[in-house]
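Per-entry structural report
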Amino acid sequence: MIVEERIYRIRNGCMSQYLNLVRTEGIAIQQPILGHLVGYFTTEIGVLSQVTHLWAYPSLDERARRRARLAQDKRWQAFIPRLSELIETAENRILVPTDFSPLAAFTPQTARDLTSTEIEEVGHD
């Protein structure tokens, strides 16, 4: 299993607008395609106006497949420009749990290896 850590610095004064867009539209598009959302966080101390979200995947190949599927989704293509204008900088890291991490043995059901047909059907009812 891997965890993708995405860190966004949100433009000053835009945090509530960013979070509202993600809450009301973004997660509904992302989560069925990407799978397991580990968490979505904002900062209180340290670097301010920062959002971090973590996504778990069974492998790098599965992550790449799911991210490609998201990029092809027409709803995501329409949504992302509105979200991107609120982001000042973006950082992305792949985290690999150590053998003693509680997450090392964690296999999220929603991050299972979906077939191409199941992914095609997501969000296209």
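These remarks concern the structure in this document. Because the structure is predicted, anything quoted here is derived from the model rather than measured.

**Let's talk about helix H3 (residues 74–84)**
- Every buried residue of H3 is listed here: Trp 76, Phe 79 and Leu 83. Viewed along the axis of H3, the buried residues span an arc of 75°, placing them on a single side of the element. Along H3, the residues that are exposed and aim more than 90 degrees away from the buried face are Lys 74 and Ala 78.
- Contacts made by the buried residues of H3 are with helix H1 (15–34), helix H2 (60–72) and strand S4 (87–95).
- The backbone nitrogen of Arg 75 has a side-chain oxygen 2.8 Å away, supplied by the residue at the start of H3, namely Asp 73.

**Digging into H2**
- The end-to-end C-alpha distance of H2 is 18 Å, a good match for the 18 Å that 13 residues give at a rise of 1.5 Å each.
- Inspection of H2 places Glu 62, Arg 63, Arg 66, Arg 67, Arg 69 and Leu 70 among the buried residues, and these make up the whole buried set. End-on view of H2: buried residues confined to an arc of 155°, all on one side of the axis. Relative to its buried face, H2 has exposed residues pointing more than 90 degrees away, namely Asp 61 and Gln 72.

**Side note on the sheet that holds strand S3 (residues 50–57)**
- Taken together, the four strands give an open sheet; going across it, the order is S2-S3-S1-S4, and neighbouring strands pair in antiparallel fashion. Two strands lie at the open edges of the sheet, namely strand S2 (36–42) and S4, each paired on one side alone. Each neighbouring strand pair of the sheet contributes to a mean axis angle of 15°, computed without reference to strand direction.
- As defined by bridge partners, strand S1 (residues 2–10) adjoins S4 across eight bridges and the pair is classed as antiparallel. Along S4, the bridge assignment pairs Tyr 8 with Ala 90.

**Thoughts on the pairing of S1**
- Burial runs high along S1: eight of the nine residues are buried.
- Bridge count between S1 and S3: eight bridges; the pairing is antiparallel. When the sheet's bridge partners are listed, Arg 6 is paired in S3 with His 53.

**Here's the deal with the pattern of salt bridges**
- Under the counting rule described, the total for this entry stands at nine salt bridges.
- When the shortest N-O distance is used, the salt bridge between Arg 66 and Glu 62 registers 2.7 Å. Here Arg 66 and its partner Glu 62 are both found in helix H2, four residues apart, which amounts to about one turn of the helix.
- On the basis of relative accessibility, which here comes to 0%, the residue Arg 66 falls in the buried class.

Analysis parameters
- Residues numbered from 1 in each chain as written.
- Predicted model: local features only at pLDDT ≥ 70, side-chain atom pairs only at ≥ 80, totals over all residues.
- Heavy atoms only, no water.
- Buried < 20%, exposed > 50% of the residue type's maximum accessible area, 1.4 Å probe, protein only.
- Helix = DSSP H or I, 4+ residues; strand = E, 2+ residues; numbered from the N terminus.
- Arc of directions from axis to C-beta.
- Contact = heavy atoms within 4.5 Å.
- Polar contact = N/O pair within 3.5 Å; in protein donor to acceptor, adjacent residues only side chain to side chain.
- Expected span 1.5 Å × (residues − 1).
- Pairing = 2+ DSSP bridges.
- Axes fitted to C-alpha atoms, helices over the stretch in contact; angles between N-to-C directions.
- Salt bridge = Lys/Arg side-chain N within 4 Å of Asp/Glu carboxyl O.

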